[in-house]
Each structure stands twice: as structure tokens, then as C-alpha cells.
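What follows is the residue order along each chain.
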Amino acid sequence: MENKWFLSRIQEDFRGGKINLDKTVKLLEKLDIRCHVVHVKYIFKDNDRLKQGRITIEEFRAIYRIIAHREEVFEIFSAYSSNRKILSENNLIDFLKQEQYAIEMSTNFAYEIIKKYEPIEEVRKERKMSFEGFTRYMDSSECLLFKKECTKVYQDMTHPLNDYFISSSHNTYLISDQLLGRSDLWGYVSALVKGCRCLEIDCWDGAQNEPVVYHGYTLTSKISFKTVIQVIHKYAFMTSDYPVVLSLENHCSPSQQEVMADHLQTILGDALLSDMLDDFPDTLPSPEALKFKILVKNKKIGTLKETRERRGSDKHGQVEECEDDNETEPEEEEDEAKDSDALKDSFASDVFLIKETQEKDGEMKKAGRLLIFRKKTSKVKIALALSDLVIYTKSEKFRTFQHARMYQQFNENNSIGETRARKLSKLRAHEFIVHTKKFITRIYPKATRTDSSNYNPQEFWNLGCQMVALNFQTPGLPMDLQIGKFLDNGGSGYILKPQFLRDDKSNFNPNEKPKDSNPFTLTIRLISGIQLPPSNYSSSNKADTLVIIEIFGVPDDQVKQQTRVIKKNAFSPRWNETFTFIIHMPELALIRFVVENQVKSSHDYRKEHEGWNQTEVRSSDSFFLPEEKTGSSKLSFPDSFQA
């Protein structure tokens, strides 16, 4: 039956005789077999017996079997098939329950799978599944590790904004480094398509009274503020319906700030939130209430009530001063052993930290740190026209947690550099979490990351920081975690924080072992890979492949394990290894799979993460561990790794 079906699908393509490599690839695609051209090329070459670059129908059949009939998939199929040829509906249901953990299973659901993936009509009519159908089902998106239910918005979106993690970008206009790189509209398009909901715009005075966007005091190129807003308006809600925040780093003169305000109102129109919502006069609205709205994050003059009273009035030329809130902070060397009470309390003021040296016996020796308090606070001029466009996202300089508790208003949010935020997380984690329960807190990369590198966002998600801004243009571990985390909840860019990061009564501290946690065991059986990218250092389609499985979350949960290396096999490496992880706080945990090629070379290749020498990173994917997942679980990988 399978032979008859197979020949009926391919005979027409061989009417003219033999076929070449290009037609072989197209024929495999016609048969719904996913294939990597590099691997097909080498398999084609091995099966072309006459070495003429053209193959017969029998040679194509051999190629098809090599690519489509995977031994490890057949073993799974045979384990549930009574005759090793056909799966009945009940057989398929057993497989779905035992291997795919489809708890609520009906005969109709199994039949829908058969109708969708079984290519042989006679088998399909009998409500059964052949190995051909099983292969196509296992290679489909329905068998991806990521839960299908999480590809849609399923979380409660009616909480206030501060209850959510929000996908955020740093210096969004840059597409390479921070000093010489190009500013490009593509930075905004790319971030929005990836579900980013907080974009950064650095605004400076431009020629002909038109503000420009670039990284100030560097050689990065400039783009028009007006065109940036036009692009944002076009792409803002293509991926997600939920609100977009424009984080302005405003260096413009009052006159050009008025131009900015005019562009924002004219281009964005009704999408721009320029007044309080009646239902939220003194609390932050929810993402649901702000659907299809764009919010401006900037310094603000006066209260929301005063803003409403000025609606419709002429604000041209009206300027006021407020404290500067530049995203710069002094860097200091880590010296944990010498942290003193004075250092801990230094966050109470705006200070510079420098090294103090003293001469003793003719030698200069480090004596400690000298705190220099800034006596004068710089002021900036804010045009009232721009100020009044800031409603629920007013930028406010962070001083101390105590100051915030006493004076900070519900619509004021803080930006804290990674260095200072990291120190606060070590010294005052509980206060940090109390702060993020009430106020939106944005973390941004330190100034020394001129190569647009990123910090690990997990440490700040652990503290409930809503906007953990990363350089989206730089691939690697941090962006893997960012992309993996925000795959959740339909890729909306908003993830509801766990209850213990929202509840005022919670005493959660990521740096301490939870007293009443109920850890669960995660068991992963890693079976195989298929058609992984070959090594860049190989002239064939071979590679020495291994897989690293990493858990990110609270410090107690962070661990990694790896498979053995499969030599010279990127096409179908088989590991069949089982890994067990104890997860204490699954609500914050992410799992990352890294597929690598071990490079045999005397050269020292620079790595993405420490501890894995002489390896070439080939592919990686991150996934969140769903909050509702408890107890033991087993995840099988009959599907191929995506490169």
C-alpha cells in the first residue's frame, strides 16, 4: 500500500527520466518532507551511482528513506503499533497520552490528527495512521516542545501595568555597536515584529528645526525623529495588540521638543494616549484597557489633574525646569570584601565612587573608596507641550527605596543601570522586590557595553523588574532568554508576574532558599537530532555534535548538563540520554537547549558562555517552564532540533 502511494506521488516527476539535485529537493518538499539542502546534497551524491548528477526513481526512493524513515521514530511507532505497520485510533490515543501528555484525549481529536497528516487515502479512510503519517505528524509544529496553548494570549490582562514583565529594548535605533554603528529604522521594525513593547528613542536637536535620533557624543549615524514615529505607527500593533511605550531620552531644546510633541500627535493620532482614562485616575491601567495605545515615557511637569485642566490650551513657548534624569551612572570595580555600611548607604545620595590611594614607604597602595557627593543638581528644560503627553509613564530619578516609598507617585517609574541594580539586588533584594510591586522599573545596560553586548536578564526578572532592556541586535544567551520568555502568552510582549512578585504579603527573596517551596522534578529524555547544520570547519556535512541543557531562574535552580559528543554526524545524531533537574521556583525558570559542534582545532575560539572550550555554537532555543506545570514530567524529543 505504501509503495503504491509513494510511486503515485513521484512517477510524474520521472517521466522525462532522471532528475537532478534541484528537482530532488523540490520533490521532497512536495512529499512534505522537511530537508536541509546541504545534507540532501551529500546524500544525493552518495546515491548517484553513475556520478552524473542525475538519479533514477529507485535512487530517489533510497534518498527518501534515508531522510524520512528515521530509525528512532520507527522505534516509537512500533512500540504502539500492534503489527509495526499501522496505528489504530486507540494506538494513537495511547501514544498521545503516554508520550505527549495529552491528558484530555478524545477519539475525534485523534482522528483530526489522522485526517491532517496521513497521506495514504486508503489508510486515512479506515481512521488509521501509517508510518508515513506518523513521521509527518512528529515533524509538525504540533509536536514542538513549546506548548500550543501558550501561543495565544491566555493570561489575565486586566492587572495594572506594574504586574507584568514587559518586553523592552535598549537604544532600539542602533543595529550594531554603540560608538560607530548605524542608526536605522530597521531597529524599530525588527523589535516590534519580535513583540517588543518598550522602545527607546534618544532625541537630539537636528537641522532645520527637525529633531534627530542617534547615540549622542558618538559617531553613530542620525535618523529623523519624524520617520521613527512614522515607522512605529505602522508596525506598533502588527505582532501584539497591547500597549507600546516610547522611552524618550530627551536632549532636545524646548523648541524642538514642541516639534516632537507635534509629530507624536499628528502621526499617532488616536493611538497616542494623551489623557487619563476615566476608570484609572490614580492607578495604573491594565494592558487590556490600553490596547492599541502608545504611551510616552519622559520627564513631566505637574500632576495628571493639571495636565487635564490644560487640555486644548495653547502651550507654545511654555517651558519649565526639572531635575535631569540622564541614563548615566559611575562605574566601579567590584570589591565585595570591602563593602561597608557606608557603601551600602551610598545609594541614599547621588555620588561618584573613586579609588583613594595613599603613599606608604614609597609605595602607592589602595586605601579604599572615597565618596564624593554631587552638591549641585543639574536642571533640564521641558516644553509643556511634550510634558503633557506623558500620562502613566513619567520618568523619575531613582534615589532610594525609602524615598520611593515616601514620595513616588503611582505613574512615576525609574530607570536603573545594571551595575547599580546588581548591587541593590545583592544588598537589598527584598526592598527591591517591594519597589517593583508598586512601580515600573526599567533596567538598562551599563555604558561600557560599547559592543552592544547584553547582561543576563534573568537576575532582574527574579526581582520583578518589569522592563529589562536589552540590545536586540546582539544574538547570544541573553537574547535567547528574552525571546524564549516572551514566546509565552501569545508573544504579546506582556507576561503576568508570578503571584509572589505581586502580593504585598509575600517575603520572596531569590537569594534565599524558599521556606515552603514544593520543588518538582523535570526529567528530559533527549533522543536525537536531524539535519543539524554541519560544521563551518568541515568540507562535508559532518560535525561532532553535542547538546547542552541549561536551566535559568533563581540561583538555586541554575544548572547545566550536557550529552556525550556524537562524532562526525550532523545529519542524524542519536544520544538517547536522560537528564533530571530539580526546579524550586518553576514560575521563574527557563530552559535553554544549545546544540553545538565540538571543534577539533589548536586555535582558541571565543565562546558565548564559559566552561565549554573548543566548541562552535550552532543553535539554541529557550523556553519558559509553564507556571501550572507541577509534579514529574518527561519530555521526549523525537522531533528534530531547529537550526
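Residues numbered from 1 in each chain as written. Predicted model: local features only at pLDDT ≥ 70, side-chain atom pairs only at ≥ 80, totals over all residues. Heavy atoms only, no water.

(A) Region of the structure containing the overall build of the protein chain. In terms of helices and strands, the protein chain carries 20 helices and 24 strands. Counting every position in the protein chain, which comprises 643 residues, the buried fraction comes to 53%. Pairs at least 24 residues apart make up 72% of the contacts formed inside the protein chain by residues separated by at least 6 positions. Summed over its atoms, the accessible surface of the protein chain is roughly 30400 Å², and 48% of this surface lies on carbon and sulfur atoms. (Helix = DSSP H or I, 4+ residues; strand = E, 2+ residues; numbered from the N terminus. Buried < 20%, exposed > 50% of the residue type's maximum accessible area, 1.4 Å probe, protein only. Contact = heavy atoms within 4.5 Å. Areas by Shrake-Rupley, 256 points an atom, 1.4 Å probe, with all protein chains shown as cover.)

(B) Spatial organisation of the confidence of the model for the protein chain. In the predicted model, the protein chain carries a mean pLDDT of 86, and 85% of its residues have values of at least 70. Here residues 331-375 is a poorly scored stretch, pLDDT under 50, and it has 67 contacts once near neighbours within four places are set aside; other chains count. In this model residues 626-643 is a low-confidence stretch, pLDDT under 50, and it forms 63 contacts with partners more than four residues away in sequence or in other chains. (pLDDT = per-residue confidence, 0-100.)

(C) Spotlight on the pattern of salt bridges. Summed over the entire model, instances satisfying the criterion amount to 32 salt bridges. Between Asp 184 and Arg 182 there is a salt bridge, and its shortest N-O distance comes to 2.7 Å. We classify Asp 184 as buried; its relative accessible area is 18%. Salt-bridge contacts for Asp 275 lead to Arg 308; the nearest nitrogen and oxygen are separated by 3.2 Å. With Asp 275 in the loop between α12 (254-268) and β8 (294-297) and Arg 308 in helix α13 (residues 304-309), this pair connects stretches of sequence that are 33 residues apart. Residue classification places Arg 308 among the partly exposed residues on the basis of a relative accessible area of 32%. If you follow the salt bridges from partner to partner, you end up with Asp 275, Asp 278, Arg 308 and Arg 311 in one network. (Salt bridge = Lys/Arg side-chain N within 4 Å of Asp/Glu carboxyl O.)

(D) Fine view of unusual backbone geometry. The backbone of Arg 127 shows a phi angle near 60°, a positive value even though the residue is not glycine. Mapped onto the secondary structure, Arg 127 falls in the loop between α8 (121-125) and β2 (129-130). Judged by its relative accessible area of 30%, Arg 127 is partly exposed. A positive phi angle is found at Phe 292, which is not glycine, with a value near 60°. Inspection of the secondary structure puts Phe 292 in the loop between α12 and β8. Under the relative-accessibility criterion, Phe 292 is labelled partly exposed at 43%.

(E) Just the sheet that holds strand β6 (residues 223-224), in detail. Judged by pairing direction, the sheet is mixed, and its five strands sit side by side in the order β6-β5-β4-β7-β8 without closing on themselves. In this open sheet, the two strands that pair with only one neighbour each are β6 and β8. Packing against the sheet, helix α10 (residues 186-193) makes contact with β4 (198-204), β5 (212-213) and β7 (244-250), and its axis sits at approximately 165° to β4. (Pairing = 2+ DSSP bridges. Axes fitted to C-alpha atoms, helices over the stretch in contact; angles between N-to-C directions.)

(F) Representation of helix α3 (residues 37-47). Along α3, the positions that sit buried rather than exposed are His 39, Val 40, Tyr 42, Ile 43, Phe 44 and Asn 47. Packing partners of the buried residues in α3 comprise α2 (21-30) and α4 (57-68).

(G) Focus on the environment of Leu 522. Mapped onto the secondary structure, Leu 522 falls in strand β18 (residues 520-528). Sequence-wise, Leu 522 and Thr 580 are 58 residues apart; in three dimensions their C-alpha atoms are separated by 5.7 Å.

(H) Fine view of the nonpolar core. Within the largest apolar cluster, 67 residues are counted, with the highest numbers of intra-cluster contacts made by Ile 201, Ile 232, Leu 246 and Leu 264. Among all residues touching Leu 246, those that are not within four sequence positions of it are Leu 199, Ile 201, Ile 229, Ile 232, Leu 264, Leu 268, Ile 294, Leu 295, Val 296 and Lys 297. Counting 24 residues, the second largest nonpolar core, distinct from the first, contains Leu 31, Ile 33, Ile 55 and Ile 530. (Core = buried A, V, L, I, M, F, W, Y, C linked by side-chain atoms within 4.5 Å.)

(I) Up close: a nonpolar patch on the surface. A contiguous nonpolar patch, built from Leu 179, Leu 180 and Leu 219 and spanning about 330 Å² of accessible area, is present on the exposed surface. Here Leu 179 lies in the loop between β3 (164-166) and α10. What makes Leu 179 partly exposed here is its relative accessible area of 41%. (Patch = residues over 30% accessible without salt bridge, like charges linked within 9 Å, V, L, I, M, F, W, Y side chains within 5 Å.)

(J) Local environment of the state of the cysteines. This structure, assessed with the given rule, holds zero disulfides. Distance from the sulfur of Cys 252, which forms no disulfide, to the nearest cysteine sulfur (Cys 203) is 5.4 Å. Judged by relative accessible area, Cys 252 falls into the buried class, the value being 7%. (Disulfide = S-S within 2.5 Å.)

(K) Structural context of α12. Taking 1.5 Å per residue as the helical rise, α12 with its 15 residues ought to reach 21 Å, and the 21 Å between its terminal C-alpha atoms agrees with that figure. Of the positions making up α12, those classed as buried are Gln 256, Gln 257, Glu 258, Val 259, Met 260, Ala 261, His 263, Leu 264, Ile 267 and Leu 268. Looking at the buried residues of α12, the elements they touch are β4, α11 (225-235), β7, β8, β12 (379-383) and α15 (384-387). Positive phi appears at Gly 269, one or two residues downstream of α12, with a value of about 55°. (Expected span 1.5 Å × (residues − 1).)

(L) Molecular detail of the environment of Glu 306. Relative to the helices and strands, Glu 306 resides in helix α13. Distance from Glu 306 to Asp 388, taken between C-alpha atoms, is 9.1 Å for residues 82 residues apart in sequence.

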